[in-house]
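Coordinates in review
Take a look at the letters that make up each chain.
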Amino acid sequence: MLCIIVAEAESEAGSLAGEWKKSVGQLAKTGLFNGNLNQIYVLPVESEEQTEFPVVILAGSGSGRLGTEELRLLAVQIAHAAHKLKADKLIIQVADRLNLLSAEGTEETAQALTEGLVLGAYRRTHYKRGQLLYTGLETVVLHMERTAAAAETADWNQGIMRGLTFGEATNLARNLTNLPGNQLTPSALAAAAIEIAERHGFPAEVLDEREIEQKGMGGLLAVGKGSIHPPRMIVIRYQGTGQWENVTGIVGKGITFDTGGISLKRAPGMENMISDMGGAAAVLGVMEALGTLRPRINVVMVIPSAENMPAANAFKPGDIVTSLSGRTIEILNTDAEGRIVLGDALTYALDWGAERIIDVATLTAAVLSTLGDIATGAVTNNELFMETFMAASRRSGERVWQLPVYPEFHEMLRSEVADIRNTAGRYGGATTAGLFIGEFAEGLPWIHLDIAGTAFLSKERGVNPKGATGVMVRTLLQYLLQLDSGEVAEH
Ligand code: BES
Ligand code: MN
Ligand code: ZN
C-alpha cells in the first residue's frame, strides 16, 4: 500500500496532512524536496512509524493554484511513480485546503486528478512469453482531507465519477488502437462494438459485405475489396431523450490496417498503420462512456471498417466508384482510402437522422507536417459549431487547431470524369482531404478532426503513453455533455 500526499511548495506547515509535516519540513531544509510543481519524492517508511504504508510519494504542486491540465499532469506523474514502485494500491491525500491547490471548482478538480491517474496508469498489453508479475494499479482512493460541506462532497464524488469514466473510455480506445492488425479485423472491430452496445442495451447494427453492396456503399466496398477480411459498416445508437430527435452523428475511420493498397506505402513505419482505426476507437470509447453517464442527448455512431490491401482484386487508381450518396468518385490514389469510406459513413449517419456530424480520422500525413503530433487538425463548414467544440477541447486539454477553408480548396477536388476525385495534389492535403468528407455532410453542420498526428505517439508525452492515445474521446464527451447541460447553444 502506498500513501501519497499532494504537497504545496513552501508550505511545510498548514496544508499537509499532519503526520508528514515533520519529514517534509526536514526534506525542504535539506533541499531534497521543496514541493515544486511535478517534483516527485519517494519516501520509504519504517514499520514502527505512524502508518501502515510502506512508501509515501510526495508530489509537489508548486506555489500557484493549478488549472485542470496541470492537475491532470500532476496526477499522471503520481501514477507513473506508483507504477515504478509496482504499487497495487494508492491512497491520495489532497492537501486540506483545496482552494490553495486548484484554481478550478471542486468537481473539475476531482475529475482532472482522477483522469490523470487513470490515464497515467495505462499500460499497453504486451505479448511476451512468461508470467506477468505486476498487473498495474488496482485501487486508488482519492481522499479530500477537509471538513467539506455536503454539497461539496457531492461535487467531489461526481468529479471522480466523471474522471473515471472519461479516463477508462480513453483507455478502452487505446487498447483497441494498439491491437495488431491480425487480431483486429473489420469483423473483430464490429464484435467489439456489439459487445459495448449489448452491455449498455444500445441498439446496434453491423452490415456485412453483402449488405454493404446491396445498399450501394460503393466507397466502403471498393476499399475493402482487396482484403480477405471483408468490410463492415457498424452503427450504434444512444437515445437519451423520449424522441429520436436533435441527433448528433459521430463517425470514426475504422481502417484496421492501411498498406496503401495498390498505391502501396513504403515499408518504414508501416507497422504504425495498425492505428488507422484510431477514430473508430475514439467514437467507441465515447459510446462506452455514454452508457455510464446517460446524458439527455441522442447520438448515432457510425464506423466504416475495412482493411486496405493490395491484391489481384483490389480497387485501383483510375477506378470510378459510386458512393451511397450517389456521387461518383474518381480514384487517383488508393492510399487516400479514409475519405472514401467516411463519405459513405456520413451519408449513412444522415440516413439515421444525424443533424450535425463530427468525424474523427487518422486521415493525412499532411496534418503531421503542419501540427506534428501536438495538435489535432480540424476542418468545418460551421464556425459556431467549431467554436463550441473548441471550448470543449480547452476543457479537456486535448489540443485542436482549426485549418482555414478557402474556396480554392474545394475546386482542387474537381474531377473531369466523376463528381469528385479522391486526391487533390500535394499541397493543402489535410484541408482538401477534410473537405472531401465534408461534401457528404450535404450542408449540415460538420466538423472533421484529423488525428493522424495525435492518435499514436512514438514516445510518451504528457498524459499519453507511447503508442495509442485515445485522443478525442474526452473532448467529444465534453462536447456532448455540454449539449445536455444546455451550457451552450445547439446548432
Ligand atoms: N492513414 C493514412 C494517414 C496517416 C499517415 C495516418 C501517417 C497516420 C500517420 C491515410 O490513409 C493516407 O495514407 N493518406 C495519404 C493520402 C495521400 C495519398 C493523398 C497521405 O496522407 O499520405
Ligand atoms: Mn491510406
Ligand atoms: Zn489510412
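Residues numbered from 1 in each chain as written. Chains lettered and ligands numbered in written order. Predicted model: local features only at pLDDT ≥ 70, side-chain atom pairs only at ≥ 80, totals over all residues. Heavy atoms only, no water.

The predicted structure's coordinates, where accompanied by low pLDDT, should not be read in detail. Here the protein chain averages 91 in pLDDT, while 91% of its residues score no lower than 70. In this model, residues 8–16 is a region of pLDDT below 50 whose contacts with residues beyond four sequence positions or in other chains number 32 contacts. (pLDDT = per-residue confidence, 0-100. Contact = heavy atoms within 4.5 Å.)

Moving on, we come to the coordination of the zinc ion (ligand 3). At 2.0 to 2.4 Å from the zinc ion (ligand 3) lie its protein donor atoms, namely Lys253 (NZ), Asp258 (OD), Asp276 (OD) and Glu337 (OE). Here the zinc ion (ligand 3) binds 6 donor atoms, and the angle range of 77 to 173 degrees at the metal identifies the geometry as octahedral. A distance of 3.2 Å spans the gap from the zinc ion (ligand 3) to the manganese ion (ligand 2), which Asp258 bridges by coordinating each metal. With a gap of 61 residues between them, Asp276 in the loop between β9 (254–258) and α9 (278–293) and Glu337 in the loop between β12 (328–330) and α10 (338–351) connect regions that are remote in the sequence. Glu337 shares its class with Asp276; the two are buried. (Donors = N, O, S within 2.8 Å, 3.2 Å for Na, K, Ca; no water. Tetrahedral: all angles 85-135°; square planar, octahedral: opposite > 155°, others 65-115°. Helix = DSSP H or I, 4+ residues; strand = E, 2+ residues; numbered from the N terminus. Buried < 20%, exposed > 50% of the residue type's maximum accessible area, 1.4 Å probe, protein only.)

A separate point is the coordination of the manganese ion (ligand 2). Taken together, Asp258 (OD), Asp335 (O), Asp335 (OD) and Glu337 (OE) make up the protein donors of the manganese ion (ligand 2), found 2.1 to 2.2 Å from the metal. Seen from the manganese ion (ligand 2), its 6 donor atoms lie at angles of 73 to 170 degrees, and the figure they make is irregular. One chain supplies every donor for the manganese ion (ligand 2), spaced along it as D-x76-D-x1-E. Given the relative accessible area of 21%, Asp335 is considered partly exposed.

We now examine the packing of α10 against helix α14 (residues 429–438). Two numbers describe how α10 lies on α14: the axes approach to 8 Å, and their chain directions differ by 30 degrees. Classified by the angle between their axes, α10 and α14 sit roughly parallel to one another. In terms of crossing hand, the pair formed by α10 and α14 is right-handed. Residues Arg339, Ile340, Leu342 and Leu346 of α10 touch α14, and the partners they reach there are Ala433, Phe436 and Ile437. Across the contact of α10 with α14, the residue classes tally to 6 nonpolar, no polar and 1 charged. (Axes fitted to C-alpha atoms, helices over the stretch in contact; angles between N-to-C directions. Parallel < 35°, antiparallel > 145°, perpendicular 65-115°, else oblique. Left-handed = near helix turned anticlockwise from the far one by under 90°. Nonpolar A, V, L, I, M, F, W, Y, C, P; charged D, E, K, R; others polar.)

Judged by how many residues are buried, strand β8 (residues 247–252) sits mostly within the fold: 6 of 6 residues are covered. Residues Val247, Gly249 and Val251 line one face of β8 and the alternating positions Thr248, Ile250 and Gly252 line the opposite face, and both faces are buried. In this structure, β8 lies alongside strand β10 (residues 298–308), joined through 5 bridges in parallel fashion. Among the inter-strand pairings, Val251 is bridged to a residue of β10, identified as Val302. (Pairing = 2+ DSSP bridges.)

The environment of ligand 1 is formed by 16 residues, the closest being Lys265, Asp276, Asp335, Glu337 and Ala365. Within the contact set of ligand 1, an oxygen atom lies 3.2 Å away from a side-chain nitrogen or oxygen of Lys253. For ligand 1, an oxygen atom lies 2.7 Å from a polar atom in the side chain of Asp335. Compared with its free state, where it exposes 510 Å², ligand 1 has 79% of that area covered by protein. For the shell around ligand 1, the class distribution of residues is 5 nonpolar, 4 polar and 7 charged. (Near = heavy atom within 4 Å. Polar contact = N/O pair within 3.5 Å; in protein donor to acceptor, adjacent residues only side chain to side chain. Areas by Shrake-Rupley, 256 points an atom, 1.4 Å probe, with all protein chains shown as cover.)

Positionally, His80 belongs in helix α2 (residues 68–84). Given a relative accessible area of 17%, His80 falls into the buried group. The residues touching His80, leaving out its near neighbours within four places in the chain, are Gly120, Arg123 and Glu460.

What follows deals with the domain arrangement of the protein chain. Quite often, the size of an interface is put as the accessible area lost when its parts meet. Taken domain by domain, the protein chain comprises domain 1 (3–147) and domain 2 (174–485). Its C-alpha centre places domain 1 at a distance of 37 Å from the equivalent point of domain 2. Here domain 1 and domain 2 share an interface that buries about 1200 Å² over both sides, 47% of which is from carbon and sulfur atoms. On the domain 1 side of the contact with domain 2, Leu119, Tyr122 and Arg124 bury the most area, a combined 45% of that side's loss. Counting across the domain 1 and domain 2 interface gives 2 salt bridges. (Domains from an automatic or database assignment. Buried area = accessible area lost by both parts, 1.4 Å probe. Salt bridge = Lys/Arg side-chain N within 4 Å of Asp/Glu carboxyl O.)

Tallying each qualifying case throughout the model produces 18 salt bridges. Glu107 serves as the salt-bridge partner of Arg162, at 3.8 Å between the closest nitrogen and oxygen. Taken as a pair, Arg162 in helix α5 (residues 150–178) and Glu107 in helix α4 (residues 106–120) lie far apart in primary sequence, 55 residues in all. Judged by relative accessible area, which is 19%, Arg162 ranks as buried. Salt bridges sharing common partners tie together Glu69, Arg72, Glu115, Glu398 and Arg474.

The next point concerns the pairing of strand β3 (residues 55–60). For β3, the tally of buried residues reaches 6 of 6 residues, placing the bulk of the element in the interior. Residue alternation in β3 divides its side chains into two sets, Val55, Ile57 and Ala59 and Val56, Leu58 and Gly60, and both sets are buried. Pairing of strand β2 (residues 40–44) with β3, which is carried by 5 bridges, proceeds in the antiparallel orientation. Bridging from a neighbouring strand, Ile40 pairs with Ala59 of β3.

For Ala79, the location among the structural elements is in helix α2. In this structure, the C-alpha to C-alpha distance between Ala79 and Leu90, residues 11 residues apart in sequence, is 8.7 Å. What Ala79 contacts, discounting residues up to four positions off in sequence, is Leu117, Gly120 and Ala121.

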